[in-house]
Amino acid sequence: MSSSRTQIVVGLDIGATKICAITGEVSADGMLTILGSGLAPSAGIRRGVVADIDATAVSIREAVRQAEENSGVDIESVTVGVTGEHIASLNSHGVVSVNHPHLEITQEAVDRVLDNARMIVIPPDREILHTIPRWFIVDGLDGIQHPEGMSASRLEVDAHIVTGTRTYIDNVLKSIHRAGLGIDAGGVVLQPLATADAVLLPAERDLGCVLVDIGGSATDVAVFTNGAICHTGVVPIAGEHVTRDIAVGIRVDMEEAERLKTDWGTALTDLLDRDELIDVQLLGENNATPIPRSILAEIIEARMIELFEKVRDQMRRAGVEDHLSAGVVVTGGGSRLHGTDQVAAEVLDLTARLASPVQETGMSEALNHPRYATAVGLTRIAAANLDVFDLSGSPSQGGGRKKNGIFRRIKRAFGKR
Ligand SMILES: Nc1ncnc2c1ncn2[C@@H]1O[C@H](COP(=O)(O)OP(=O)(O)OP(=O)(O)O)[C@@H](O)[C@H]1O
Ligand SMILES: [Mg+2]
């Protein structure tokens, strides 16, 4: 339970297949301890966006109720992730002159240069979700992470800007509001940024890597080079597409297709003994029918190759292909499909690593699974952003004071932490 010098944070991952809430307690010195979690099958989400606010709110409420029950805290507000094909990102440059009397870079100058980088033309139906400084350039000297306090007459920034469709983001917020919740310190976070926070090693960000989060309905992609994010995107293929292909290809229902995928599926046809048979429950048949396991593998392999080819196309378009010495890091529930890392390595021609979320203090074994990477990352981001509040103050429920502020988007300069 929280003492007077701690605060509660909550990460809420609204996924296509599940909604997961993780509660954490942050001590006055900023240390995060995971308290508990709640999980509910998701409803009302289609291809990463809310298609039914009421149904989504019911699922959110259920995940949050469970998390309250097993962590012993009341949840009033959450840090939430957003994703979907509507997300777009670009790199932008900002420049300002430093007008401090002693030419010292103040927080005001940093805010101004970020505002300058944000001066881009975006369609009226879109809004800027994040402005992430990749590095600052101080009187021509680049690669600076913390320019505050330095002397200079000119400050520039290379920033990564993420935009999303306003109505899609509002519908996520409305679902949260309808579930009786507000938004807390971490605010609204692009899911791949949260996932990256939970799984990437600092060396991977430095050397360059591509993070691929294979979910139910979509695969999130984030590319890091020189320690900073330089590309984010979404590929509209993920675990549910594989399941549907199996259902159609073998003529089984979706439940049986999911079972076949998780129990017998592999993305590698080469490794299979061509004579191996598995029992399947064909549509309309009473008895199980044996089929070659290689048929299942061929269906899966084709889809997984297509998925990683689309990731490769994104990397080519972003022009980062030659800067990924640390390779590809694969996570998300869909990465549990046998052979995923090998397909990733082959198609992208990179070394591949399967990743689960970092082990935080107090985290149960159950959360040590790639499908919880985003939720763990959101909780970590909520904790890291608490510095906007007074940690030594009275006990507070994360952003409880913002209970009625669901439309108060906190567009924090993510990555500045
Ligand atoms: N052992 C496994 N083998 C193969 N696939 C698996 C396994 N476990 C989970 N999956 C797949 O993972 C997918 C769900 O992953 P995850 O929980 O990361 O998605 P989500 O976050 O709900 O969705 P999204 O990120 O698209 O919004 C499902 O398609 C499921 O079939
Ligand atoms: Mg997900």
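These numbers were taken from a predicted model, which means no experiment stands behind them. (Residues numbered from 1 in each chain as written. Chains lettered and ligands numbered in written order. Predicted model: local features only at pLDDT ≥ 70, side-chain atom pairs only at ≥ 80, totals over all residues. Heavy atoms only, no water.)

Chemist: Whenever I open this one, helix 10 (residues 373-384) confuses me. Can you help?
Modeler: Each turn of an α-helix holds 3.6 residues, which means side chains three or four residues apart point in the same direction. The terminal C-alpha atoms of helix 10 lie 16 Å apart, and with twelve residues this matches the ideal 16 Å at 1.5 Å per residue to within 8%. Burial analysis of helix 10 places ten of its twelve residues in the buried class, which makes it a mostly covered element. Here helix 10 has its buried residues at Ala373, Thr374, Ala375, Val376, Gly377, Leu378, Thr379, Ile381, Ala382 and Ala383. (Helix = DSSP H or I, 4+ residues; strand = E, 2+ residues; numbered from the N terminus. Expected span 1.5 Å × (residues − 1). Buried < 20%, exposed > 50% of the residue type's maximum accessible area, 1.4 Å probe, protein only.)

Chemist: For this particular structure, what's the right way to read the pattern of salt bridges?
Modeler: As a working rule, side chains carrying opposite charge can pair if their charged atoms are close by. Under the defined criterion, the tally for this structure stands at 20 salt bridges. In this structure, Glu321 and Arg316 form a salt bridge, with 3.0 Å as the shortest nitrogen-oxygen distance. For Glu321, a relative accessible area of 33% translates into the label partly exposed. Residue classification places Arg316 among the partly exposed positions, given a relative accessible area of 47%. Counted as one network, the salt bridges with shared partners bring together Asp245, Arg303, Glu306 and Lys310. (Salt bridge = Lys/Arg side-chain N within 4 Å of Asp/Glu carboxyl O.)

Chemist: Hey, could you run me through the packing of helix 1 (residues 53-71) against helix 3 (residues 166-178) in this one?
Modeler: Between two packed helices, both the angle of their axes relative to each other and the distance between the axes serve to describe the pair. Across the interface, helix 1 lies against helix 3 with an axial gap of 8 Å and an inter-helix angle of 55 degrees. With respect to helix 3, the axis of helix 1 lies oblique. Note that helix 1 runs across helix 3; the crossing there is right-handed. Residues Ile53, Asp54, Thr56, Ala57 and Ile60 of helix 1 form the contact with helix 3, whose own contacting residues are Asn171, Lys174, Ser175, Ile176 and Arg178. (Axes fitted to C-alpha atoms, helices over the stretch in contact; angles between N-to-C directions. Parallel < 35°, antiparallel > 145°, perpendicular 65-115°, else oblique. Left-handed = near helix turned anticlockwise from the far one by under 90°. Contact = heavy atoms within 4.5 Å.)

Chemist: For this particular structure, what's the right way to read the packing of helix 4 (residues 191-199) against helix 10?
Modeler: At a minimum axis distance of 7 Å, the contact between helix 4 and helix 10 shows a crossing angle of 90 degrees. As the angle between them shows, helix 4 and helix 10 are arranged roughly perpendicular. Contact residues: helix 4 offers Gln191, Leu193, Ala194, Thr195, Asp197, Ala198 and Val199, while helix 10 offers Ala373, Thr374, Val376, Gly377, Leu378, Arg380 and Ile381. Considered class by class, the residues forming the contact of helix 4 with helix 10 number eight nonpolar, four polar and two charged. (Nonpolar A, V, L, I, M, F, W, Y, C, P; charged D, E, K, R; others polar.)

Chemist: Where do I start with the site of ligand 1 in this structure?
Modeler: With respect to spatial proximity, 20 residues lie near ligand 1, and among them Ala16, Thr17, Glu258, Lys261 and Gly333 are the closest. A distance of 2.6 Å separates an oxygen atom of ligand 1 from a polar side-chain atom of Thr17. Note that an oxygen atom of ligand 1 is positioned 3.2 Å from one of the backbone N or O atoms of Ala218. Burial of ligand 1 by the protein chains amounts to 88% of its free accessible area of 660 Å². Elements supplying a minimum of two residues to the shell around ligand 1: helix 6 (239-250) and helix 7 (254-264). (Near = heavy atom within 4 Å. Polar contact = N/O pair within 3.5 Å; in protein donor to acceptor, adjacent residues only side chain to side chain. Areas by Shrake-Rupley, 256 points an atom, 1.4 Å probe, with all protein chains shown as cover.)

Chemist: So what exactly am I meant to see when it comes to the environment of Leu324 here?
Modeler: For Leu324, the location among the structural elements is in the loop between helix 8 (293-318) and strand 17 (328-331). Leu324 gets classed as buried once you look at its relative accessible area, which sits at 4%. The spatial distance from the C-alpha of Leu324 to the C-alpha of Val210 is 7.0 Å, given a sequence separation of 114 residues. If near-sequence neighbours (up to four positions away) are discounted, Leu324 is found in contact with Leu207, Gly208, Cys209, Val210, Val223, Phe224, Thr225, Met315 and Leu350.

Chemist: Is there a simple way to think about the sheet that holds strand 9 (residues 141-144) in this case?
Modeler: If you trace the four strands from one edge of the open sheet to the other, you get 7-10-8-9, paired in antiparallel fashion. Where the open sheet ends on each side, the last strands, each with one partner, are strand 7 (88-97) and strand 9. Between one strand and the next, the sheet's axes are offset by a mean angle of 35 degrees, whatever the strand orientation. Summarising the sheet, strand 8 (residues 126-138) and strand 10 (residues 154-165) pair through eleven bridges and their orientation is antiparallel. Counted as the bridge partner of Pro133 is Ala159 from strand 10. Here helix 2 (residues 107-117) sits on the sheet in contact with strand 7, strand 8 and strand 10, set at roughly 130 degrees to strand 7. Here helix 3 sits on the sheet in contact with strand 8 and strand 10, set at roughly 75 degrees to strand 10. (Pairing = 2+ DSSP bridges.)

Chemist: So what exactly am I meant to see when it comes to the sheet that holds strand 3 (residues 32-41) here?
Modeler: Neighbouring strands of a sheet are bound in pairs by backbone hydrogen bonds; such pairs are parallel or else antiparallel. Taken together, the five strands give an open sheet; going across it, the order is 3-2-1-6-11, and neighbouring strands pair in mixed fashion. Bordering the open sheet on either side are strand 3 and strand 11 (182-190), each of which pairs with just one other strand. Recorded for the sheet is a direction-independent mean angle of 20 degrees between the axes of neighbouring strands. Bridge analysis of strand 1 (residues 7-14) against strand 2 (residues 18-26) gives eight bridges, and the strand direction is antiparallel. In the strand pairing of strand 2, Val9 is matched with Gly24. Across the sheet, helix 1 is in contact with strand 1, strand 2 and strand 3; its angle to strand 3 comes to roughly 140 degrees.

Chemist: Honestly, helix 3 in this entry has me stumped. Any pointers?
Modeler: With 13 residues, helix 3 extends 18 Å between its outermost C-alpha atoms, agreeing within 8% with the 18 Å of an ideal straight helix rising 1.5 Å per residue. Where helix 3 is concerned, the buried positions are Ile169, Asp170, Val172, Leu173, Ser175 and Ile176. Directly after helix 3, the chain includes Gly180, whose backbone phi takes a positive value near 85 degrees.

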